[in-house]
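Listed here are the chains, written in short residue letters.
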Amino acid sequence: MPVQPAFVLHTGDVTHLASPEQFDTAQAAFSEIGVPIHFVPGEHDIVDGTDPRPYLARFGGPGAKGDGWYSFDAGGVHFIALINVVRLGDKGQGTLGPDQLAWLKDDVAGLRASTPIVAFAHFPMWSLYPDWGWGTQDGAAAMALLSRFGSVTVLNGHIHQIQQTIEGRTVFHTARSTAYPQPAPGEGAGPGPLTLPPEQLRGAIGLTSAAIRTGHGPLALTDQTLA
Amino acid sequence: MICVRILSASLAASLAVGAGRALADPPQGDPVRGKTLYSACMGCHSLDENDVGPKHRGVVGRRAGTVQGFNYSPALKASGLTWSEANLDRWLTSPQAMVPGARMFFSISNAQNRADIIAYLAQQR
């Protein structure tokens, strides 16, 4: 990496089919990065059911509760890892569930409203395109618990493209994938992999960098392709 | 047969729901609408390729767990089910309730949406 980050957030789908071999390959690849990585699972990491334990045994966060949710503090920011892929809602949307929402309420109860919040999950936390499952059914309940904070940044994966929205003081941002691109919401037959000419592919995949500048407004998010 | 079903559906729509028929009869599926709704399935499935889920072409009328090259759960393989429209409706309502131990956890809560998707799949021969 050209600039060594303090740590990496992985917004899920470490594997495609959650097999032991794919988890092995992912672990070997991540061991080369050399900085801490904080993961949340994607639905592909729990592909054969609702048991997140094979994933959690390898990638679970320290002190993870329930299906694997956890939080940590870094650089004055409170980071919250939300799990919305273990029980799918209507049309494959994510769900958080009452246990996780109760935990979230307790987790942020002692924080000052000036504490910047970064929440990250796999499925979009806002209703981006529910017909393709691109949303979280009870995401609004989680956002309500964070509404008193002055700066809330919500990151997700799953849709393999940049999508952003702002609701109140909350900024939602989806990063690109490092695997394959997917079509824009509602464009084409469905949300399967998007095939591009080889020369265009690396321009459609990439990473998102977040720079924390305390006291200077929201986080600066920079998207960079792998081209 | 098809005419009879269309007639019964339109009768059910024109009569009061209080007659109880609308709840008992599955809704008539609209394959055009179903094609759009099928996009929700395409995170895992497509018509012609196995991925997270098996390929769907020809699924209506097929015996469950029999697509070549797809790694099914033992539960679905042993289910003995045939994918009739009625069975697909139950499956899409709650795969885990129908076949405990199956690998699919995706569901469609709306009965009309399920009927539309099944009508679309029935055309994909």
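Everything numeric in this text was worked out from a predicted model, so none of it was measured.

### Regarding the interface of chain A and chain B
Right, on to step 1. Contact residues are listed per partner, giving 18 residues for chain A and 14 residues for chain B.
Right, on to step 2. Interface area for chain A against chain B, summed over the two sides, is near 1400 Å², with a carbon-plus-sulfur share of 59%.
Right, on to step 3. By the criterion of area lost to chain B, the three top residues of chain A are D48(A), D90(A) and K91(A), representing 31% of everything that side buries.
Right, on to step 4. Between chain A and chain B we count zero salt bridges in total.
Right, on to step 5. Our count for the chain A to chain B interface comes out at four residue pairs in polar contact (both at pLDDT 80 or more).
Right, on to step 6. Class assignment of the residues belonging to the side of chain A that touches chain B gives a composition of six nonpolar, eight polar and four charged.

### Topic: helix 7 (residues 111–123) of chain B
Residue and element names in this part refer to chain B.
Right, on to step 1. Taking 1.5 Å of rise per residue, 13 residues should cover 18 Å, and helix 7 covers 19 Å from first to last C-alpha, within 8% of that figure.
Right, on to step 2. Packed against the buried residues of helix 7 are helix 3 (31–37) and helix 5 (85–93).
Right, on to step 3. The opening residue of helix 7, the one whose side-chain oxygen lies 2.9 Å from the backbone nitrogen of Q112, is N110.

### Observations concerning the packing of aromatic side chains
For any pair of aromatic rings, geometry is given as the distance between the ring centres together with the angle between the planes.
All names here are of chain A.
Right, on to step 1. Overall, the coordinates contain 16 aromatic pairs over all chains when judged by the stated rule.
Right, on to step 2. Centre to centre, the rings of F23 and F59 are 5.9 Å apart; their planes meet at 50°, and the pair counts as tilted. Here the residue F23 occupies a position in helix 1 (residues 20–30), and F59 occupies one in helix 2 (residues 53–59), the gap between them amounting to 36 residues. F59 shares its class with F23; the two are buried.
Right, on to step 3. Taking the centre distance of 6.4 Å and the plane angle of 20° together, the rings of Y70 and F72 count as stacked.
Right, on to step 4. Relative accessible area serves as the criterion here: at 15%, F72 is assigned to the buried category.

### A few points about the side chain of T15(A)
Residues and elements named next belong to chain A.
Right, on to step 1. Tracing the chain through its elements places T15 in the loop between strand 1 (8–10) and helix 1.
Right, on to step 2. You can call T15 buried: its relative accessible area is 6%.
Right, on to step 3. A distance of 2.9 Å separates the side chain of T15 from the backbone nitrogen of A18, its partner in a polar contact.
Right, on to step 4. Dropping the residues within four chain positions of it, T15 is found in contact with Q22, F23, H44 and D45.

### Here we look at the sheet that holds strand 8 (residues 170–174) of chain A
All names here are of chain A.
Right, on to step 1. Taking strand neighbours across the sheet as the criterion, the six strands line up as 3-4-5-6-8-7 in an open arrangement whose pairing is mixed. Both outer strands of the open sheet, strand 3 (70–74) and strand 7 (163–167), are each paired with one neighbouring strand and no more. Going across the sheet, the axis of each strand differs from the next one's by a mean of 15°, ignoring polarity.
Right, on to step 2. Note: strand 5 (residues 117–121) against strand 6 (residues 152–156), five bridges, orientation parallel. Paired with V118 across the strands is T153, a residue of strand 6.

### Quick look at the side chain of H173(A)
Residue and element names in this part refer to chain A.
Right, on to step 1. Among the secondary structure elements, H173 is positioned in strand 8.
Right, on to step 2. On the basis of relative accessibility, which here comes to 1%, the residue H173 falls in the buried class.
Right, on to step 3. Reaching out from H173, the side chain makes a polar contact with the side chain of Q164 at a distance of 2.8 Å.
Right, on to step 4. Ignoring any residue separated from it by four or fewer positions in sequence, one finds H173 in contact with V154, L155, N156, I162, Q163, Q164, T208, L221 and D223.

### So, the confidence of the model for chain B
Residues and elements named next belong to chain B.
Right, on to step 1. Overall, the predicted model of chain B reaches an average pLDDT of 84, with 80% of residues at or above 70.
Right, on to step 2. Low pLDDT, under 50, characterises residues 1–22; the stretch is placed with six contacts to residues that sit more than four places away or in other chains.
Right, on to step 3. In the predicted complex, the global pTM is 0.84; the interface-specific ipTM is 0.73.

### With respect to the pattern of salt bridges
All names here are of chain A.
Right, on to step 1. Here the structure, examined in full by the defined rule, presents seven salt bridges over all chains.
Right, on to step 2. Ionic pairing is found between R58 and D24, a salt bridge with its closest N-O pair at 2.7 Å. Of this pair, R58 sits in helix 2 while D24 sits in helix 1, placing them 34 residues apart in sequence.
Right, on to step 3. By relative accessible area, R58 is classed as partly exposed at 29%.
Right, on to step 4. Given a relative accessible area of 43%, D24 falls into the partly exposed group.
Right, on to step 5. Close ionic contact of K91 with D131 constitutes a salt bridge, the shortest N to O distance being 2.9 Å. Taken together, the residues K91 in the loop between strand 4 (77–81) and helix 3 (98–109) and D131 in the loop between strand 5 and helix 4 (139–145) connect sequence positions 40 residues apart.
Right, on to step 6. Since its relative accessible area comes to 12%, K91 is described here as buried.
Right, on to step 7. Accessibility expressed as a relative area gives 36% for D131, which makes it partly exposed.

### Points about the pairing of strand 5 of chain A
Residue and element names in this part refer to chain A.
Right, on to step 1. Taken across its five residues, strand 5 has five buried, putting it largely inside the fold.
Right, on to step 2. Neither face of strand 5 is exposed, since I117, A119 and A121 on one face and V118 and F120 on the opposite face are all buried.
Right, on to step 3. Strand direction decides the pairing type here: strand 4 and strand 5, joined by four bridges, are parallel. Following the sheet pairing, A81 is matched in strand 5 by F120.
Right, on to step 4. Assessed by its sense of winding, the connection that carries the chain from strand 4 through helix 3 to strand 5 is right-handed.
Right, on to step 5. At this point the chain moves from strand 5, through helix 4, to the parallel strand 6, and the crossover so formed is right-handed.

What counts, and at which threshold
- Residues numbered from 1 in each chain as written.
- Chains lettered and ligands numbered in written order.
- Predicted model: local features only at pLDDT ≥ 70, side-chain atom pairs only at ≥ 80, totals over all residues.
- Heavy atoms only, no water.
- Contact = heavy atoms within 4.5 Å.
- Buried area = accessible area lost by both parts, 1.4 Å probe.
- Salt bridge = Lys/Arg side-chain N within 4 Å of Asp/Glu carboxyl O.
- Polar contact = N/O pair within 3.5 Å; in protein donor to acceptor, adjacent residues only side chain to side chain.
- Nonpolar A, V, L, I, M, F, W, Y, C, P; charged D, E, K, R; others polar.
- Helix = DSSP H or I, 4+ residues; strand = E, 2+ residues; numbered from the N terminus.
- Expected span 1.5 Å × (residues − 1).
- Phe/Tyr/Trp six-rings, centres within 6.5 Å; stacked < 30°, edge-to-face > 60°.
- Buried < 20%, exposed > 50% of the residue type's maximum accessible area, 1.4 Å probe, protein only.
- Pairing = 2+ DSSP bridges.
- Axes fitted to C-alpha atoms, helices over the stretch in contact; angles between N-to-C directions.
- pLDDT = per-residue confidence, 0-100.
- Right-handed = clockwise from strand over helix to strand, strands pointing away.

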